[in-house]
Amino acid sequence: MQGQIPGAAAVQVQGGTPQAAALAAQQQQQQQSISVKMDPANQLSSAGLLELAHREYQAVDYDNAERHCMQLWRQESNNTGVLLLLSSIHFQCRRLDKSAQFSTLAIKQNPLLAEAYSNLGNVYKERGQLQEALENYRHAVRLKPDFIDGYINLAAALVAARDMEQAVQAYVTALQYNPDLYCVRSDLGNLLKALGRLDEAKHEMPHTHNFSLLYCMT
C-alpha cells in the first residue's frame with residue numbers, strides 16, 4: 001500500500017487547489033519519513049549494514065542477515081565481505097549450491113581471499129567430495145598462513161579422509177597461532193589417544209582445564 005501513496009498524491013496535485021497541493025506534498029514527505037524510520041538499516045552506511053548483518057548471523061537470524069546482505073550486494077556487487085557472509089548464510093541454511101556460488105563470486109573478485117576458498121571447501125566436504133575440500137583448505141592456508149579456521153577445517157577433512165597424521169599436524173599448527181583454543185586441544189588429544197600416542201595425548205588434555213574462557217572457532 002505504501003507504494004501507492006506517491007501516485008495518489010500526484011493525482012491530487014494535478015487536480016486540486018494550491019492549498020491541496022501543499023497538503024499532499026506535506027503528507028507525501030511525512031509518509032517517506034515514516035518509511036525510513038520503519039527500517040533503521042536504511043540509515044546505515046555500507047559498513048554499518050554489513051556489521052548489522054554479521055550480528056544477525058551470529059544471532060542465528062539468517063533471514064534478516066540475508067535480507068540486509070542482499071540489500072548491500074545490490075549496491076556493491078563487488079563487496080567481498082558481503083559475498084563471504086552470504087556464502088556462510090546459505091551454508092548454514094543447507095543451500096549448498098548458493099553457498100558455493102557466492103564463494104566463487106568472492107574468489108573472482110579477490111583470488112587471494114583465503115576465507116572464500118575455506119568456505120568453498122566446506123561445501124565440498126559437506127557433499128562428500130573430500131579431495132576437492134582438501135585442495136581448497138590447503139590453498140586457503142597457503143594464502144593465509146595464520147588462518148586458524150582454515151587449519152581446523154583442514155584437520156576435520158583429513159580425519160574424514162583417514163589421514164590422521166596430517167590431521168594432527170593441522171591441529172598443532174592451529175594451536176601454534178592460538179594456544180588457548182579449548183576445542184582444538186580437546187580434539188587433538190582425542191585424536192592422539194586414538195592413534196595410541198598416549199603420552200602426547202596426556203600432554204594436550206590437561207590444558208583443557210586451564211582456561212577461563214572455553215571456546216573454539218568454526
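Given the structure is predicted, the values throughout are model-derived calculations rather than measurements.

Trainee: If you had to explain the overall build of the protein to someone new, which residues and values would you point to?
Mentor: Per the secondary structure count, the protein includes twelve helices and zero strands. The burial tally for the protein puts 38% of its 218 residues in the buried class. Restricting the contact set of the protein to residue pairs at least 6 apart, pairs at least 24 apart contribute 45%. A total accessible area of about 12600 Å² is found for the protein, and carbon and sulfur atoms account for 52% of it.

Trainee: With reference to specific residues and values, describe the UniProt feature "repeat: TPR" (unreviewed entry) in the protein.
Mentor: UniProt feature "repeat: TPR" (unreviewed entry): in the numbering of this structure it lies at residues 114–147 and 148–181. With 79% helix and 0% strand, residues 114–147 has its two end C-alpha atoms placed 8 Å apart. A distance of 10 Å separates the end C-alpha atoms of residues 148–181, which is 79% helix and 0% strand.

Trainee: So what's going on with the nonpolar core? Residues and values would help.
Mentor: Counting residues in each nonpolar core, the largest one holds 29 residues, and the members touching the most others are Tyr57, Cys69, Val82, Leu85, Ile89, Ala106 and Ala116. Taken together, the elements giving at least two residues each to this core come down to helix H3 (46–58), helix H4 (62–75), helix H5 (80–92), helix H6 (96–109) and helix H7 (114–126). If you tally residues by element for this core, the top one is H5, at seven residues. For alanine 116, the residues in contact, after removing those within four places along its chain, are Leu84, Ser103, Ala106 and Ile107. One finds Ile148, Ala157, Met164 and Leu192 within the second-largest nonpolar core, a separate group that totals 24 residues.

Trainee: Any details on the pattern of salt bridges? Residues and values, ideally.
Mentor: As enumerated under the stated definition, the model contains six salt bridges in all. Salt-bridge contacts for glutamate 51 lead to arginine 55; the nearest nitrogen and oxygen are separated by 3.4 Å. Placement of the pair is glutamate 51 and arginine 55 together in helix H3, with a separation of four residues, close to one helical turn. Owing to a relative accessible area of 48%, arginine 55 belongs among the partly exposed residues under this scheme. A salt bridge links glutamate 115 to lysine 144, with the shortest nitrogen-to-oxygen separation between them at 2.6 Å. In this pair, glutamate 115 is assigned in helix H7 and lysine 144 in the loop between helix H8 (130–143) and helix H9 (148–160), connecting sequence segments 29 residues apart. The partly exposed category is assigned to glutamate 115, whose relative accessible area is 24%.

Trainee: Tell me about unusual backbone geometry, and please be specific about residues and values.
Mentor: You will see that arginine 94, though not glycine, has its phi angle at about 65 degrees, which is positive. When you line up the elements, arginine 94 lands in the loop between H5 and H6. Arginine 94 gets classed as partly exposed once you look at its relative accessible area, which sits at 43%. Even without being glycine, arginine 162 reaches a positive phi, approximately 65 degrees. Residue position: arginine 162 is located in the loop between H9 and helix H10 (164–177).

Trainee: Could you give me a rundown of the packing of H7 against H8, with the residues and numbers involved?
Mentor: Viewed as axis vectors pointing N to C, H7 and H8 meet at an angle of 165 degrees, and their least axial separation amounts to 8 Å. Between H7 and H8, the interaxial angle falls into the category roughly antiparallel. Considering how the two elements wind past one another, H7 and H8 form a crossing that is left-handed. Between H7 and H8, the contacting residues are Ala114, Tyr117, Ser118, Leu120, Gly121, Asn122, Tyr124 and Lys125 on the first element and Leu130, Glu132, Ala133, Asn136, Tyr137, His139, Ala140 and Leu143 on the second. Class assignment of the residues belonging to the contact of H7 with H8 gives a composition of nine nonpolar, five polar and two charged.

Trainee: Can you lay out H4 for me, pointing to particular residues and giving the numbers?
Mentor: The terminal C-alpha atoms of H4 lie 20 Å apart, and with 14 residues this matches the ideal 20 Å at 1.5 Å per residue to within 8%. Turning to H4, its buried residues are Tyr62, Ala65, His68, Cys69, Gln71 and Leu72. Contacts made by the buried residues of H4 are with H3 and H5.

Trainee: Describe the side chain of arginine 185, and please don't skip the residues or the numbers.
Mentor: Within the element layout of this structure, arginine 185 appears in helix H11 (residues 182–194). Side-chain polar atoms of arginine 185 contact the backbone oxygen of proline 179, separated by 3.0 Å.

Parameters at a glance
- Residues numbered from 1 in each chain as written.
- Predicted model: local features only at pLDDT ≥ 70, side-chain atom pairs only at ≥ 80, totals over all residues.
- Heavy atoms only, no water.
- Helix = DSSP H or I, 4+ residues; strand = E, 2+ residues; numbered from the N terminus.
- Buried < 20%, exposed > 50% of the residue type's maximum accessible area, 1.4 Å probe, protein only.
- Contact = heavy atoms within 4.5 Å.
- Areas by Shrake-Rupley, 256 points an atom, 1.4 Å probe, with all protein chains shown as cover.
- UniProt positions renumbered as here; feature names shortened; annotations may be inferred.
- Core = buried A, V, L, I, M, F, W, Y, C linked by side-chain atoms within 4.5 Å.
- Salt bridge = Lys/Arg side-chain N within 4 Å of Asp/Glu carboxyl O.
- Axes fitted to C-alpha atoms, helices over the stretch in contact; angles between N-to-C directions.
- Parallel < 35°, antiparallel > 145°, perpendicular 65-115°, else oblique.
- Left-handed = near helix turned anticlockwise from the far one by under 90°.
- Nonpolar A, V, L, I, M, F, W, Y, C, P; charged D, E, K, R; others polar.
- Expected span 1.5 Å × (residues − 1).
- Polar contact = N/O pair within 3.5 Å; in protein donor to acceptor, adjacent residues only side chain to side chain.

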